[in-house]
Structure formats: structure tokens, C-alpha cells
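# Summary of structural features
If you want the building blocks of each chain, they are given just below.
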Amino acid sequence: MAKIIDGKQIAAELRAELKEKVAAFAAEAGCLPGLAVILVGEDPASQVYVRNKIRGCEEVGIQSFCYRLPESVSEAQLKSLICELNDDPHVDGILVQLPLPRHLDEQRILACIAVEKDVDGFHVQNAGNLMLGQEGLTPCTPAGCIRLIESTGISIEGKHAVVIGRSNIVGKPMALLLLQKNATVTVCHSRTRDLGGITRQADILVSAVGKADFVTADMVKPGAVVIDVGMNRKEGKLCGDVAFDEVFPVAGFLTPVPGGVGPMTIAMLLSNTLKAARSHG
Ligand code: GUN
């Protein structure tokens, strides 16, 4: 039987710590850290994520500024808002909720965010810093996954970590963070042959695929730490990539969905916002 990794609880502890650190920062700096969140269009999942991010800010005492733009906004208009926020001293962090409508070029837009305010860690320079093992802002979901793995007490060093998924926002940075922690890392994706043969070798298995019931019991090494980054809907209910009921008896540790990675992503965003505020005063 797996032990459940309680992301909700671990995130709540992190937020409690952050609340104290934010108060200490505010006392010294004379102002609150500020996070600007930009949401373009009406995507229902994005609306929920943004609402939760704003609520997280409120809880720890970070000031939030929410910008809701219509689906039809032009790239020039969006860039102009980002430029204003780059220059706004009340704003320490800027987050553009993804995905963006198709007519907007994500990479070009993310590149407009000031590197030191890029609390999602998606700017090409922060991606480069991560790649080189240099100081920078780290993507929130992978950073949260590392915290969850470490919460088990199992050391990452020397373990075989398998990441399923190679997105810029989860798979690739996840692999780099695991490598930084001295894991032996394998990245699998949609073209991988004998996926199960590889995942069965994983001491640590991270799934970021976006398909319900994708990771089945036969793909999991007994005793493995299994981190489920999936956010899928099945019969109207939120579920991850892992077929929870069948993997539960096989894994050593397992994150639930909801209540696993999701709350940690937000806690790490708040942490990055405080880090950004500290770094530019
Ligand atoms: N969409 C899915 N995950 C994320 C995230 O971590 N940050 C942003 N900005 N958009 C997302």
C-alpha cells in the first residue's frame, strides 16, 4: 500500500511559513510584495487556476493585481500591458496564465516579461539559468514536485527518475531539477518505445501527460515514488494521469489529484514572488 503524499497539507505548511516571511519583508521594505496575474480569454480551467493563485496571495499577504483581457486582445496590447507592469514598482512578479489563444505567440510574449519578475520561470533566460544550474526563478510545478518527493524522506540522489512528458512548463524543467539533485533521469514522451519497460525501472516516476488513467499498475515498480502532475476530467470529476486505485497498492508513495501537485504549484508561485521582491528591493 502506498503512503499518500498530502500536497494540500504540505502546501498549507509552506504558505504558513511564507506568511511570516512576507510580513517580515513588508516590515523591512515598507511595502507588500506584489503579483500581477494576466488572464486572456475565458478558458474555464485557467479561470479556476487564476482564482486559486489570487486566493493564495491573499492568504500569505501578497498584493495581487489581476488583469482579465478579452480573447481578441492583440499581441501589441498584451505586450504593452506587460511593459507597464515591468516598470511598475508595486509589481514584483508577473504571470501570464497559459495557454494563450492561438493568435498570440507564447514565447514572444513570455520573452517580454522582465527576467527578475518572471515568477513562472518561463522566460528564456530563466530556462537557460536552470539548464546551466545558475541562480534564477524556477518553474513552480516542477519545484513543487521536488518538494513533494523530498517530503517522503527518500533521497533523490542516485535514483532512477523517469519523467513522462517533455513540455516546456513541466517535463523539461522537471528533468533538469531531478538532474540537479543527482538523479539518473530518463525523459519519456509520445514517441517513446516500450514506455512500460522504462517506467518499471523508475524509483521516482513523474507523470505529466494529461490523460486520465494513463499510468497503470503494470507500469510502476513496487515501492516507487509516483508523482501525478495530470489535471484531467473523468465523468466530470478532476483526476490525474495515474489510475489511482490500481497503482495505490503497488507504489510506495503516491500523490492524489486533487490535493497533490496542484496546491504545491501555487505555494511555489508565492515563494517565487517573495524571492523576486527580495531580489529587487
Ligand atoms: N498553465 C498550466 N500551468 C501553468 C503554470 O504553471 N503557469 C502558467 N502561467 N500557466 C499555466
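Description of the structure in this document. (Residues numbered from 1 in each chain as written. Predicted model: local features only at pLDDT ≥ 70, side-chain atom pairs only at ≥ 80, totals over all residues. Heavy atoms only, no water.)

## Let's talk about the side chain of Gln-97
Filter applied, for reference: Helix and strand assignments come from DSSP, with helices taken as H or I runs of at least 4 residues and strands as E runs of at least 2, each series counted from the N terminus. We call two N or O atoms a polar contact when they sit within 3.5 Å, provided that within protein one can donate a hydrogen and the other can accept it, with sequence-adjacent residues counted only if both atoms are side-chain atoms.
Along the chain, Gln-97 turns up in the loop between β4 (93-96) and α4 (106-110). Here the side chain of Gln-97 touches Lys-53 through a polar contact of 2.6 Å, side chain to side chain.

## What about the side chain of Lys-53?
As a reminder, the rule being used: Any residue under 20% of the maximum accessible area for its type is buried, any over 50% is exposed, and the rest in between are partly exposed; the area is computed with a 1.4 Å probe on protein chains only. The charged-residue count follows a simple rule in which Lys and Arg add positive charge and Asp and Glu add negative charge, with His and chain termini not counted at all. Every case where a carboxyl oxygen of Asp or Glu lies within 4 Å of a side-chain nitrogen of Lys or Arg is listed as a salt bridge. Working rule for contacts: check all heavy atoms of both residues, and any pair within 4.5 Å makes them a contact.
Here Lys-53 lies in helix α2 (residues 44-60). For the buried Lys-53, no salt bridge is present, and the opposite-charge side chain at shortest range is Asp-120, 5.2 Å distant. Excluding its chain neighbours within four sequence positions, the residues that come into contact with Lys-53 are Leu-95, Gln-97, Ile-266, Leu-269 and Leu-270.

## Here's the deal with the site of the ligand
As a reminder of what qualifies: By convention in these notes, a residue is near a molecule or strand provided one of its non-hydrogen atoms lies within 4 Å of it. Reported accessibility uses the Shrake-Rupley method at a 1.4 Å probe radius. Residues are deemed covered only where the shown protein chains occlude them. We call Asp, Glu, Lys and Arg charged. Ala, Val, Leu, Ile, Met, Phe, Trp, Tyr, Cys and Pro are nonpolar, and the rest, Gly among them, are polar.
The environment of the ligand is formed by Lys-53, Leu-95, Val-96, Gln-97, Leu-98, Asp-120, Phe-122 and Ile-169. Between a nitrogen atom of the ligand and a main-chain N or O atom of Val-96, the distance comes to 2.9 Å. About the coverage of the ligand: the protein hides 84% of its 280 Å² of free accessible area. Here the residues of the shell around the ligand are counted per class, giving five nonpolar, one polar and two charged.

## Overview of the sheet that holds β4
Adjacent strands of a sheet pair through backbone hydrogen bonds, lying either parallel or antiparallel. As a reminder, the rule being used: Two strands pair if DSSP finds at least two bridges between them. Here the axes come from fitting lines to C-alpha atoms, over the contacting stretch only for helices, and the angles between their N-to-C directions go from 0 to 180 degrees.
Read from one edge of the open sheet, three strands run β3-β2-β4, paired in parallel fashion. Edge positions in the open sheet fall to β3 (63-69) and β4, since each of these has one partner strand only. Neighbour-to-neighbour, the strand axes of this sheet turn through a mean angle of 15°, independent of strand direction. Lying on the sheet, α2 is in contact with β2 (34-40), β3 and β4; it crosses β2 at an angle near 170°.

## Brief notes about the sheet that holds strand β11 (residues 253-254)
Spatial strand order, β1-β11-β8-β7-β5-β6: six strands in an open sheet with parallel pairing. The sheet terminates laterally at β1 (3-4) and β6 (184-188), the two strands that pair on one side only. The strands that helix α7 (residues 171-180) touches are β5 (160-164), β6 and β7 (204-207); relative to β5, the one it contacts most, it runs at about 170°.

## Remarks on the pairing of strand β8 (residues 225-228)
Side-chain alternation along β8 places Val-225 and Ile-227 on one buried face and Val-226 and Asp-228 on a second face that is also buried. Two elements, β7 and β8, share four bridges in a ladder whose sense is parallel. By the bridge assignment for β8, Val-206 is matched with Ile-227. Direction of pairing for β8 relative to β11: parallel, over a ladder of two bridges. Along β11, the bridge assignment pairs Val-225 with Phe-253.

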